[in-house]
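A closer look at the structure
This is what each chain is made of:
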Amino acid sequence: MKVKNICCIGAGYVGGPTMAIIAQKNPLINVTVVDINKERIDLWNSKNLNNLPIFEPGLDKVIKETRGKNLFFSTEIEKNIDNSEMIFISVNTPTKTFGDGKGMAADLRYVELCARKIADVARTDKIVVEKSTLPVKTALAIKNILDETGSGVNFEILSNPEFLAEGTAMRDLEVPDRVLIGGGSDASGKEAINSLVNIYKSWVPGENILTTNLWSSELSKLVANAFLAQRISSINSISELCESTGADVDEVAQAIGMDSRIGSKFLKSSVGFGGSCFQKDILNLVYIAKSLGLVNVANYWNQVILLNNHQRERFAKKILTTLYNTVAGKKITLLGWAFKKDTNDSRESASIYVADMLLDEMANISVFDPKVSEKQIYSDLNYINSRSDAENKDLLKVYRCPYEASENSHAVAILTEWDEFKEYDWKRIYDNMNKPAFIFDGRNILDKINIEKIGFVYKGIGKS
Ligand code: NAD
Ligand code: UGA
């Protein structure tokens, strides 16, 4: 099928950047990103590119180049579905918070709503592409819904999971390690796969485009995230061992990472992984394994999550015990709220959990993050704890300046690896803190020796 118009349902962290690159690389295809959230669409359309709803280095440049030419953002969902030959579903698939599978399974209601909407409005044949991360076999459910319309329209379902990481999304999209496309093996399935392959071929070398059956593609996405998160939990488990033995976790990571069979990436120990996907996708994998009666498989992967929770708790506990077992009424500064650098996304960030544990200890917390808004910080806290918004606002203050945030603090904890933190005037921060001044480096980004020279008591992850 010749694709001239693409519609992407979901203008989020994946839909926005992915479609911007597809539009940039395929100037003859019109790409429209639609969403039910009008505020978000308005922000995507805002004249001032600083107001785009997500911060991602390099995104503004691509939006400037394509928006209004062949890239559009709209709330007219039905019209754009009907106009397009290919429809991407890129909506959120959070962990279920109710009913069967609560706290583990993926909540598929948004995906199902998209399928039903497509079924309702489609009058011509469509290729429907799963861009969201989904449990294996979801394509079957989508196909069933679409085929029950009785409209005579032929729907081909493809799975095309996204592997971009936030903060490096534009580069990941521009030069992906691989593009994965799963589809049917009959003639129309193969034709649909080819249509999508041709779109990616505009910029991705053919050998980096991998085609598989639908179930392999759906499952590979969950497995890729599980393997990545597993590496972080593995090195974080070793960080605790390092602290008890005098080994240095960064040195261990370097030593093992130089083995080409292990590789050096994703071995940075930390206060714990965050983000909207690692935990959600592993929980989903665990749920699928459990549902199939594969208890050992489920327990194996669940351990990755348990270790991550432990790492966050361990970090908060270390602050408490180091500060003489009481932080009540003490000011503690958290530098970084985003779940990683170069993003304004704070979903499942370790900072939220560390802050909450310290608030339970009656600490006074000050937070500085270069990109996350004050509104978002309180909304994150209100979501996970039972304190009222007023109580959270009373105990935790958000600052727009790191020097003000840390004034009179007993401790500073670094929770996001923002590059700018390394460049701060740490002497100035030290001078304005309560003594002894502690620094808890949850990302091991500061030079221990230099920081100790200033006078700080340095506590890194996996360092003694
Ligand atoms: P997001 O929450 O940022 O965006 C999803 C958007 O979908 C929202 O704007 C929401 O309003 C919209 N939406 C929901 N239901 C809708 C409907 N029925 N009609 C129209 N719009 C609707 O989510 P995201 O981070 O972009 O993630 C989307 C999917 O991609 C998830 O399955 C996620 O697991 C996967 N993924 C995310 C990342 C990432 O880095 N964030 C990377 C790879 C894959
Ligand atoms: C991750 C995957 O890397 C992407 O391939 C995937 O597409 C995406 O999830 C998804 O499905 O949503 P993302 O969560 O955006 O991307 O960012 P990562 O770079 O993977 O970082 C995740 C978390 O792990 C962050 O909190 C980061 O600080 C932490 N991390 C990462 C470590 O603690 N140590 C490391 O060595 C690497």
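As shown above, the structure is provided for reference.
Described below are features of the structure shown in this document. Note that the structure is a prediction, hence the values are computed from the model and not measured.

1. Regarding the overall build of the protein chain
- Helix and strand content of the protein chain: 18 helices and 14 strands.
- Whereas a compact globule of 464 residues would reach a radius of gyration of roughly 23 Å, the protein chain reaches 24 Å, a difference of no more than 12%.
- C-alpha atoms of the protein chain, sized along the principal axes, occupy 75 × 50 × 45 Å.
- Relative to its 464 residues, the protein chain shows a buried fraction of 54%.
- Taking as baseline every contact in the protein chain between residues at least 6 positions apart, the subset at least 24 positions apart corresponds to 75%.
- For the protein chain, the accessible area works out to roughly 20,700 Å², and carbon and sulfur atoms hold 51% of it.

2. Brief notes about the site of ligand 1
- Neighbouring ligand 1 are 26 residues; D35, R40, T93, E166 and K280 lie closest to it.
- Within the side chain of D35, a nitrogen or oxygen atom sits 2.6 Å from an oxygen atom of ligand 1.
- For ligand 1, an oxygen atom lies 2.6 Å from a polar atom in the side chain of T93.
- Relative to its unbound accessible area of 820 Å², ligand 1 is 91% covered by the protein chains.
- Looking at the shell around ligand 1, its residues break down into 10 nonpolar, nine polar and seven charged.

3. Focus on the site of ligand 2
- The full set close to ligand 2 counts 21 residues, and F163, L164, S270, C277 and R443 are the nearest of them.
- The element that contributes the greatest number of residues to the shell around ligand 2 is helix 9 (residues 214-245), accounting for four residues.
- Each residue belonging to the shell around ligand 2 can be placed in one class, and the counts come to 11 nonpolar, three polar and seven charged.

4. Let's talk about the pairing of strand 10 (residues 364-368)
- Summarising burial for strand 10: four of the five residues are buried, a large majority.
- With five bridges connecting them, strand 9 (residues 331-335) and strand 10 associate as parallel partners. Opposite L334, over in strand 10, you have V367 as the bridge partner.
- A crossover connection joins strand 9 to the parallel strand 10 through helix 13 (residues 350-360); in handedness this β-α-β unit is right-handed.

5. Some words on the nonpolar core
- One finds L334, W337, L396 and W426 to be the most contacted residues of the largest nonpolar core, which totals 54 residues.
- The biggest single contributor to this core is helix 13, with seven residues.
- Dropping the residues within four chain positions of it, L396 is found in contact with W337, A355, L359, I365, V367, I377, Y378 and L381.
- Counting 42 residues, the second-largest nonpolar core is a separate cluster that includes V3, A20, L158 and L196.

6. Some remarks on the sheet that holds strand 9
- The strand order across the open sheet formed by six strands is 11-10-9-12-13-14, and the pairing between neighbours is parallel. The open sheet has two edge strands with one neighbour each: strand 11 (396-399) and strand 14 (457-460). Neighbour to neighbour, the strand axes of the sheet diverge by 20 degrees on average, direction disregarded.
- Looking at chain direction, strand 13 (residues 438-441) and strand 14 are connected through four bridges and run parallel. Looking at strand 14, one finds that D441 is bridged to G460.
- In this fold helix 12 (residues 295-322) packs onto strand 9, strand 12 (411-414), strand 13 and strand 14, with an angle of close to 165 degrees to the strand it touches most, strand 13.

7. Let's talk about the pairing of strand 2 (residues 30-34)
- With four of five residues buried, strand 2 lies mostly within the body of the structure.
- Sheet analysis places strand 1 (residues 5-9) next to strand 2, joined by five bridges and oriented parallel. Of the residues in strand 2, the one forming a bridge with C7 is T32.
- With respect to chirality, the unit in which strand 1 leads through helix 1 (residues 15-25) into the neighbouring parallel strand 2 is right-handed.
- With four bridges connecting them, strand 2 and strand 3 (residues 71-74) associate as parallel partners. Looking at the pairing, V31 lines up with L71 of strand 3.

8. Some thoughts on helix 14 (residues 374-384)
- All of the buried residues in helix 14 are I377, Y378, D380 and L381. Each buried residue of helix 14 sits inside an arc of 155 degrees when the element is viewed along its axis, so together they form one side. In helix 14, the exposed residues that point more than 90 degrees away from the buried face are K375 and Y383.
- Looking at the buried positions of helix 14, the neighbouring elements they touch are helix 13, strand 10, helix 15 (389-395) and strand 11.

Reading the values: the criteria
- Residues numbered from 1 in each chain as written.
- Chains lettered and ligands numbered in written order.
- Predicted model: local features only at pLDDT ≥ 70, side-chain atom pairs only at ≥ 80, totals over all residues.
- Heavy atoms only, no water.
- Helix = DSSP H or I, 4+ residues; strand = E, 2+ residues; numbered from the N terminus.
- Rg over C-alpha atoms; globule rule 2.2 N^0.38 Å.
- Buried < 20%, exposed > 50% of the residue type's maximum accessible area, 1.4 Å probe, protein only.
- Contact = heavy atoms within 4.5 Å.
- Areas by Shrake-Rupley, 256 points an atom, 1.4 Å probe, with all protein chains shown as cover.
- Near = heavy atom within 4 Å.
- Polar contact = N/O pair within 3.5 Å; in protein donor to acceptor, adjacent residues only side chain to side chain.
- Nonpolar A, V, L, I, M, F, W, Y, C, P; charged D, E, K, R; others polar.
- Pairing = 2+ DSSP bridges.
- Right-handed = clockwise from strand over helix to strand, strands pointing away.
- Core = buried A, V, L, I, M, F, W, Y, C linked by side-chain atoms within 4.5 Å.
- Axes fitted to C-alpha atoms, helices over the stretch in contact; angles between N-to-C directions.
- Arc of directions from axis to C-beta.

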